[in-house]
Structure formats: structure tokens, C-alpha cells
Amino acid sequence: MKLRIPNTFVLLFLILAMIAVATWLVPGGQYGTIMVDGKPRIDPASFQYVQSNPQGFVALMMAPIKGFVEAAQIIGFVLIVGGAFAVLQKTEALDAMIRSVARAHTHSAFVRAMLIPVFVTIFSLGGATFGMSEESIPFVLIFVPLALALGYDSIIGVSIPFLSAQVGFAAAFLNPFNVGVAQKIAGIQMFSGIGYRLIVWFVATALTIAFLMWYAARIKKDPTRSPSYALDIEKRKESSAALANLAGMTTTHAIVLLLFIGFMTAMVVGVIHFGWYINEIAALFMVMAIVVGVIGRLDSDEFVAAFLHGARDLVGTALVIALARGTMILAQDAKIIDTMLHALVPLVQSANPVFAAQKMFIIQTVINFFLHSGTGQAALTMPIMAPLADLVGISRQTAVLAFQLGELTLPMIPTSGVTVGVLALARIPWITWAKWMVPLQLAYFVMALLLLIPPALTNWS
């Protein structure tokens, strides 16, 4: 009998159940905090065991609704973005653009060669500079049908915006949400060490481009080798049917697309210069939906129907995000997160600074499974890892890099709301994606170990 892999909802609930069991086995623990520059910081020497709060059946059943409440902002963001993109799609401007790119891809060797490198670099730069992460979610709605139209698969469509942005985020050089916060907590100059970080970003992005181009060529030659081949059959029919009905790019389509590019540019500027986050970006997408609806000559009934249809399609995605967030709530309520962190810290110690840096990276990778907010993880771990770096003979700058590279696993972990949300949006089961990611994830792991050698040996500061 063939083993049947559970779908994402069942898998996440199993993880919830395992964490609930762990709350009965792992003792409670807590770090105290001290004020540094007017902000609370974890005191590395303050850990103490406290009375745990085991989570039983009732807590397990309440975790999904608590997760929904905790993740309400990103869930609302996803629903609004889904509605806005449905309005954009209703104008048929995106389909016309996809058809034009597909034609250029067919007739131009240059377009075929540069499509993946250019877009991967753009999204990776977004992650490396203004912390693009959740912002990559809406682009899946563009790149999945584009990839299918070009003879690739849904995995390529997801990888270009999502994987590229996450790799850029982990290998960032100007990202205020992980590099900036971590360096400030570690007590080193913000955005210092940018030279070596640029090298790290270049290597990580080049590795991603090389792997995706190899995989894309493989799938182009034999589509049946795609893990999502069976899943893409229906999507290809939908994409082909939509494209077949188009006469080509019209002036209205061109104006709508220019407006879309303008709104995306405004999003980048807003995030970088004005500190925009989910609320402001969601508002921007609402404005975009209204403007492109008017320019696209949709009447009020067509606009509302399209918006509701887009939001309705993402209800499953919203529930997946809620379940993923519920896993963290159980661990937090049980007071076991600090205990697990405390147990991992002694494992960093090593006589060799290279091994110490590499073990710090491995520990950050483990922590990233449970806490995948760049800012949150920096706030939790850097007050401990920074002084620990002093004790084991590596620089605090190296400790920050180890923390960053630990985030390379985010595109694969099923507890990340962004990851499972993107996959649900693309209708790719997590297990299908995870199997595909294994070789690339191993390559990232080896890359990170190697990139930590020079700073550990040179006491990079």
C-alpha cells in the first residue's frame, strides 16, 4: 500500500498536537529582562526554571482560533490582496502581459536566458534591502500562471517571487528587520560589515539562480519530471483557456499595468522610506483595486464580484496561516520556548572559532523552526548569542551573520505562515514543495557553513 502523505491542514494539526505533548515533558523556563538604551533586553544570565503550564486537549482545540486572532493582521492582508488581484485579473491586463511575455520567450533567446536571473535578482534585492517577505505573497498570483504559460511549473512560479525574496532576506545587507535589529542589539554599528554581506548575498542569489535555471530547463524538456505535474494539469487548462481568449495587449491593458507597476514602486518606497508595514500596504492594494477597476472599465457589480471571488479563494490560505500561528501560541502559553533556547546555548561552545560559528548557525536554524520572525528571533536570541560570541572567540558581527543564515530554512518550514500561505495560494501541498526543496536546502546549508569560515578566522568586525 502506498503511503499517503497528509495534507497541509492535517500536517499542521499534527505539529500542534506534538507541541501540546511537549508542553507536558519540557519544564517551564524564563529569562529576565534588563533595560538597555530605554528598551527591554533579555538578560543572558537570568534564566530560571518556572512553573510550566502544560497545554491539554482544550488548549489544543483553542489554538487555531487563538492563531487566527494573533495572525489577524496578515490574514486580513492576504484576503485584501487576493481581492485586489482578482480585480486586476478581471481587467485581463495580467493575462495580456503573460501572453506577450510568453510570445517573447518563444521567439527571443535573450528573454529565455534572462527571465529567471532578472526576476530572481529583483526579488532577492527586495528581501536584502527593505525586508521583503509577506510582500512577495501577491506576486505568486502573477508568476504561477506566467511560469505555466512558459512551459515550466507552479514550483518555478512560486520560487521566483517567494524563494528569491526569502533568500535575499536571509542573506541581507541592508534589511532593517533582521540585520539592523540584530546589530543594534549586539551593540555594533548598524549595517556595518556590509562588504562581506554583499558577498554573502551575491553567492546565495547566484546559487538560487543557477538551481532554478537548471530545474526550469529540466522541466521544459520533460514536464512529467515536475513534482507538481499532476497538480498543474488543471492549472494549465485554466491558464491556456484564459490566454486563448485574448486578442492581445490593448491601450487599456498597458495603462492598467503601468498603474500596477506604479503601485508596486510606491509600496517599495513606502516600506523603505516611510516604514510602511502590513496595514499601509493593504490600504495601498485597496486603492490599487479601485483605481485599476475604474481604468479597466469594470462596473460596480463586476468590481465587487471580482473582489469577493479573490478573497473567497484565499479563505483556505487564511486558515492555514491561523494553524501555523497556533503552534507558537501553544509553546508560548506553556512557557517552554526559553527553556529550549537555554538548553541549546551550551552547545555553541567549541575550542575552534569556526566550529563555534557553525554551531551557532545550526542552533539559529533550529530556533527558526519555532520562531520565524526575523525581528522576533533577533530580539530573543541576540542578547544571548552576542555575549556568547565573546566567550567562544568569534566576533559579534559573525554571530549576527550566523543568525541571518539560520533563516535560510524559512521557505521550507511548515510553521511559517508566509510559507504555507504562499503554497496554499499556489495550490501546492507542503510535502510536495518540501521534497523539491531538500537538495536546494542542503546546498544552502553547506553554503552557510562555508561562508561562516572567513569571518570566524579573521575575527570579522
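See the structure above.
Residues numbered from 1 in each chain as written. Predicted model: local features only at pLDDT ≥ 70, side-chain atom pairs only at ≥ 80, totals over all residues. Heavy atoms only, no water.

(A) Looking closely at the packing of helix α7 (residues 154-170) against helix α9 (residues 194-221). Closest axis-to-axis distance for the α7/α9 pair is 10 Å, and the angle between their directions is 170°. Judged by the angle between their axes, α7 and α9 are roughly antiparallel. Residues Ile155, Ile156, Ser159, Leu163, Val167 and Gly168 of α7 form the contact with α9, whose own contacting residues are Trp201, Ala204, Thr205, Thr208, Leu212, Tyr215 and Ala216. Broken down by class, the residue content of the contact of α7 with α9 amounts to nine nonpolar, four polar and no charged. (Axes fitted to C-alpha atoms, helices over the stretch in contact; angles between N-to-C directions. Helix = DSSP H or I, 4+ residues; strand = E, 2+ residues; numbered from the N terminus. Parallel < 35°, antiparallel > 145°, perpendicular 65-115°, else oblique. Contact = heavy atoms within 4.5 Å. Nonpolar A, V, L, I, M, F, W, Y, C, P; charged D, E, K, R; others polar.)

(B) Up close: helix α3 (residues 72-90). Counted at 1.5 Å a residue, the expected span for α3 with its 19 residues is 27 Å, and the 27 Å between its end C-alpha atoms agrees. Turning to α3, its buried residues number three or more, namely Ile74, Ile75, Phe77, Val78, Val81, Gly82, Gly83, Ala84, Phe85, Ala86, Val87 and Leu88. Directly after α3, the chain includes Glu92, whose backbone phi takes a positive value near 70°. (Expected span 1.5 Å × (residues − 1). Buried < 20%, exposed > 50% of the residue type's maximum accessible area, 1.4 Å probe, protein only.)

(C) Looking closely at the side chain of Thr208. With respect to the element layout, Thr208 can be found in helix α9. Of note is the side chain of Thr208, whose polar atom sits 2.7 Å from the side chain of Tyr444. (Polar contact = N/O pair within 3.5 Å; in protein donor to acceptor, adjacent residues only side chain to side chain.)

(D) Region of interest: the pattern of salt bridges. Evaluated as defined, the whole model comprises one salt bridge. Between Lys66 and Asp333 there is a salt bridge; the shortest N-O distance is 3.5 Å. Of this pair, Lys66 sits in helix α2 (residues 57-70) while Asp333 sits in helix α14 (residues 315-334), and the two are 267 residues apart along the sequence. Judged by its relative accessible area of 32%, Lys66 is partly exposed. (Salt bridge = Lys/Arg side-chain N within 4 Å of Asp/Glu carboxyl O.)

(E) View of helix α13 (residues 300-312). For α13, built from 13 residues, the straight-helix expectation of 18 Å at 1.5 Å per residue is met to within 8% by its first-to-last C-alpha distance of 18 Å. Those residues of α13 not exposed but buried are Phe303, Ala306, Phe307, Gly310 and Ala311. Along the long axis of α13, the arc covered by the buried residues comes to 130°, so they all point the same way. Counted as exposed and oriented over 90 degrees from the buried face of α13: Asp301 and Arg312. Elements in contact with the buried residues of α13: α3, α12 (278-295) and α14. Put simply, Asp299 is the residue that caps the front of α13, since its side-chain oxygen is 3.1 Å from the backbone nitrogen of Asp301. (Arc of directions from axis to C-beta.)

(F) Representation of the nonpolar core within the structure. In this structure, Val158, Met382 and Trp436 are the most contacted members of the largest nonpolar core, which totals 126 residues. Aside from chain neighbours lying at most four places away, what touches Val158 is Val140, Val144, Leu163, Val422, Leu423, Ala426, Ile428 and Trp433. Ile19, Val320, Leu330 and Ile337 belong to the second largest nonpolar core, which has 18 residues in total. (Core = buried A, V, L, I, M, F, W, Y, C linked by side-chain atoms within 4.5 Å.)

(G) Representation of the packing of helix α5 (residues 109-129) against α9 within the structure. Following both chains from N to C, one finds α5 and α9 inclined at 145°, their axes separated by 10 Å at the closest point. Here α5 and α9 pass one another in a crossing that is right-handed. Facing Ala113, Ile116, Pro117, Val120, Thr121, Ser124, Leu125 and Ala128 of α5, the residues of α9 in contact are Trp201, Thr205, Thr208, Ile209, Leu212, Met213 and Ala216. Of the residues assigned to the contact of α5 with α9, the class counts are 11 nonpolar, four polar and no charged. (Left-handed = near helix turned anticlockwise from the far one by under 90°.)

(H) Empty space enclosed by the protein, seen in detail. Counted under the stated rule, the structure contains one cavity of 30 Å³ or more. Quantified by volume, the largest cavity comes out at close to 40 Å³. Forming the boundary of the largest cavity are Leu115, Phe119, Phe143, Leu146, Ala147, Leu150, Tyr152, Ile156 and Ile160. Looking at the lining of the largest cavity, the elements that each hand over two or more residues are α5, α6 (140-149) and α7. Top element by residues in the lining of the largest cavity is α6. It accounts for three residues. (1 Å grid on protein atoms, 1.4 Å probe; cavity = no way out; pocket = protein on both sides within 12 Å on 5 of 7 lines; lining within 4 Å. Points joined across faces, edges and corners; volume = space filled by probe spheres on them.)

(I) Highlighting the environment of Trp460. Its location among the elements puts Trp460 in the segment after α21 (453-458). In sequence terms Trp460 and Ala402 are 58 residues apart; their C-alpha atoms lie 12 Å from each other. The contact partners of Trp460, leaving out residues within four places of it in the chain, are Gly193, Tyr196, Arg197, Ser395, Gln397, Thr398, Leu401 and Pro455.

(J) Spatial organisation of the packing of aromatic side chains. Counting across every chain of the model gives 16 aromatic pairs. Between Phe173 and Trp201 the ring centres are 5.8 Å apart and the planes differ by 80°, which places this aromatic pair in the edge-to-face class. Residue Phe173 is found in the loop between α7 and α8 (176-186), and its partner Trp201 is found in helix α9; the two are separated by 28 residues along the sequence. Assessed through its relative accessible area of 7%, Phe173 is described here as buried. Aromatic side chains Phe361 and Phe445 sit 5.4 Å apart centroid to centroid with 45° between the ring planes, which places their arrangement in the tilted category. (Phe/Tyr/Trp six-rings, centres within 6.5 Å; stacked < 30°, edge-to-face > 60°.)

(K) Structural detail: unusual backbone geometry. Notably, Arg297 is not glycine yet its phi reads approximately 60°, a positive angle. For Arg297, a relative accessible area of 68% corresponds to the exposed category. Despite not being glycine, Arg427 has its phi angle at roughly 60°, a positive value. Relative to the helices and strands, Arg427 resides in the loop between α19 (417-426) and α20 (430-451).

Any functional reading would require information that these geometric values do not contain.
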